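For reference, the chains in residue letters:
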Amino acid sequence: MSLLLLIVTFTAIGGVLSVLAASVFLLLSETQRAHVLPHGISFAIGALLAAAFWGLIPNAFEEVEKAQFQGLSATILGGILVFFVLEKLLIWRHCHHSGYEAGGDHHHDHQPAAILILLGDGIHNFVDGILIAAAFLTDVKLGIVTSIAVAAHEIPQEVGDFAILLQSGYSRRKALIYNMLASLSTVVGGILAFFCLEDLHDSLPYFLAMAASSFIYVAVADLIPSLHEKTDTKTSLQQIALIATGVFLICFLHDVAHDVELQSAHEKLEMSGSKD
């Protein structure tokens, strides 16, 4: 099998497999989903923040020189401001066509947040595709391990994405289709990296920074305020526990994936040394 075909196959596995695994959430009945959905939003907050602060941002800073730290920080800040303006435009367009102003008697509409989360997820998946392709170009075994690791650490985040899309009013079918389309950007990133990885390498940290910006903005600006609608002690403690669960699960899976990648790279070096 050619290297390009391997990259296409395993970027598809890394992106689509996680969505299919997370889509089990959609099989719940409407009553069950209505009960689980508020908990899913809390979990999504933790997963998004952990993906940004534990995965995307540290990886972005690892790829640049110290002199570029301020520029990368400016990208994260600028990304948050860009997503604010983008959401403002989406809300304005939605309210204009719906015939009412935001902040009126209608409940808070999460549809702009859903669009932003799909956009951020697409960027994140695109970067994952580049990382998988880079691993395959280094070693086929490392590429396979990396694609499996990507799928594993994406599953809890995709569950959170489904929760956000359903709360935004999307049907189960549309939520699955849109999430699947966003996951296909993994394949696009892999193919593009195969042909021009050297040209993309310098831009990779900034893609990571923009993906982190979208996750931070959606979690802080759109999801956290919705948790304050219920202030009783029991609900508040449940929210805190689920946010912490999302954080710890993403961090744990990220660290496991990182350790597996390091072990594979170490084994490759040992094999190269033995051949010499």
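Residues numbered from 1 in each chain as written. Predicted model: local features only at pLDDT ≥ 70, side-chain atom pairs only at ≥ 80, totals over all residues. Heavy atoms only, no water.

Colleague: Can you help me understand the overall build of the protein chain in this one?
Modeller: The number of helices and strands found in the protein chain is 9 helices and 0 strands. Reading the helices (α) and strands (β) of the protein chain from amino to carboxyl end gives α-α-α-α-α-α-α-α-α. Counting across all 276 residues of the protein chain, residues that qualify as buried make up 43%. For the protein chain, long-range pairs separated by at least 24 residues make up 85% of all intrachain contacts whose partners lie at least 6 apart in sequence. When the accessible surface of the protein chain is totalled, it reaches about 14,200 Å², and 66% of it is carbon and sulfur. (Helix = DSSP H or I, 4+ residues; strand = E, 2+ residues; numbered from the N terminus. Buried < 20%, exposed > 50% of the residue type's maximum accessible area, 1.4 Å probe, protein only. Contact = heavy atoms within 4.5 Å. Areas by Shrake-Rupley, 256 points an atom, 1.4 Å probe, with all protein chains shown as cover.)

Colleague: Help me understand helix H1 (residues 3-22) in this model?
Modeller: One turn of the α-helix equals 3.6 residues, which is why residues spaced by three or four share an orientation. The end-to-end C-alpha distance of H1 is 28 Å, a good match for the 28 Å that 20 residues give at a rise of 1.5 Å each. At Val-16, H1 shows its strongest bend, of approximately 30°. (Expected span 1.5 Å × (residues − 1). Bend = angle between axes of the 7 residues up to and from the residue.)

Colleague: Could you clarify how one ought to interpret the environment of Ala-151 in this entry?
Modeller: Its place among the elements puts Ala-151 in helix H5 (residues 140-167). On a C-alpha basis, the gap between Ala-151 and Ile-13 in space is 7.2 Å, while along the polypeptide they are 138 residues apart.

Colleague: Would you take a moment to explain the confidence of the model for the protein chain for this structure?
Modeller: The predicted model of the protein chain averages 79 in pLDDT, with 81% of residues at 70 or higher. Per-element confidence in the protein chain is highest for helix H6 (residues 172-183), whose mean pLDDT is 88, and lowest for H5, whose mean pLDDT is 74. Throughout residues 100-108 the model reports pLDDT below 50, and contacts reaching past four residues in sequence, or to other chains, amount to 8 contacts. (pLDDT = per-residue confidence, 0-100.)

Colleague: What is the right way to read the nonpolar core from this model?
Modeller: Burial of nonpolar side chains together is a common tendency in soluble globular proteins. Counting residues in hydrophobic clusters, the biggest one holds 61 residues, and the most contacted among them are Leu-48, Ile-117, Phe-162, Ile-164, Leu-165, Phe-215 and Leu-223. Among the elements that line this core, the one with the most residues is helix H2 (residues 30-62), at 14 residues. With residues up to four places along the chain from it excluded, the contact list for Ile-117 reads Leu-48, Asp-161, Ile-164, Leu-165, Phe-215 and Val-218. (Core = buried A, V, L, I, M, F, W, Y, C linked by side-chain atoms within 4.5 Å.)

Colleague: Would you mind going over the packing of H2 against helix H8 (residues 204-227) with me for this structure?
Modeller: Packed helix pairs are characterised by how far apart their axes lie and by the angle those axes make with each other. For the pair H2 and H8, interaxial distance at closest approach is 9 Å and the crossing angle is 155°. Looking at the two axes, H2 sits roughly antiparallel to H8. Crossing geometry of H2 relative to H8 is assigned as left-handed. Here the residues of the contact of H2 with H8 are counted per class, giving 23 nonpolar, 3 polar and no charged. (Axes fitted to C-alpha atoms, helices over the stretch in contact; angles between N-to-C directions. Parallel < 35°, antiparallel > 145°, perpendicular 65-115°, else oblique. Left-handed = near helix turned anticlockwise from the far one by under 90°. Nonpolar A, V, L, I, M, F, W, Y, C, P; charged D, E, K, R; others polar.)

Colleague: I'm lost on the packing of H6 against helix H7 (residues 185-201) in this one. Help?
Modeller: Close contact between H6 and H7 brings their axes to 4 Å; oriented N to C, the two are set at 10°. With respect to H7, the element H6 is oriented roughly parallel. For the pair H6 and H7, the contacting residues are Leu-181, Ala-182 and Ser-183 in the first and Ser-185, Thr-186 and Val-187 in the second.

Colleague: What am I meant to see in the packing of aromatic side chains here?
Modeller: Two measures describe an aromatic ring pair: the distance that separates the ring centres and the angle between the ring planes. Enumeration over the complete set of coordinates arrives at 5 aromatic pairs. Aromatic pair Phe-10 and Phe-136: ring centres 5.5 Å apart, planes at 45°, arrangement tilted. With a gap of 126 residues between them, Phe-10 in helix H1 and Phe-136 in helix H4 (residues 111-138) connect regions that are remote in the sequence. As far as the burial class goes, Phe-10 and Phe-136 line up, both buried. Measuring from ring centre to ring centre gives 5.6 Å for Tyr-170 and Tyr-178, while their planes differ by 90°; the resulting arrangement is edge-to-face. Judged by its relative accessible area of 14%, Tyr-170 is buried. (Phe/Tyr/Trp six-rings, centres within 6.5 Å; stacked < 30°, edge-to-face > 60°.)

Colleague: Would you mind showing me how to read H8 here?
Modeller: The terminal C-alpha atoms of H8 lie 34 Å apart, and with 24 residues this matches the ideal 34 Å at 1.5 Å per residue to within 8%. Along H8, the sharpest change in direction is near 30° and occurs at Ala-219. Of all 24 residues that make up H8, 17 are buried, and the element is covered over most of its length.

Colleague: Help me understand the side chain of Asn-179 in this model?
Modeller: Relative to the assigned elements, Asn-179 resides in helix H6. Each residue touching Asn-179, except ones within four places of it in the same chain, is listed here: Val-19, Leu-118, Asp-121, Glu-158, Asp-161, Phe-162 and Leu-165.

Colleague: It is not clear to me how a nonpolar patch on the surface should be interpreted in this structure. Could you clarify?
Modeller: On the surface, Ile-177, Tyr-178, Leu-181 and Leu-184 cluster together into a nonpolar patch covering about 340 Å² of accessible area. With respect to the element layout, Leu-181 can be found in helix H6. (Patch = residues over 30% accessible without salt bridge, like charges linked within 9 Å, V, L, I, M, F, W, Y side chains within 5 Å. Salt bridge = Lys/Arg side-chain N within 4 Å of Asp/Glu carboxyl O.)

Colleague: Sorry, what's going on with the side chain of Ser-226 here?
Modeller: With respect to the helices and strands, Ser-226 occurs in helix H8. Of the polar contacts made by the side chain of Ser-226, one reaches the backbone oxygen of Leu-223; its length is 2.6 Å. (Polar contact = N/O pair within 3.5 Å; in protein donor to acceptor, adjacent residues only side chain to side chain.)

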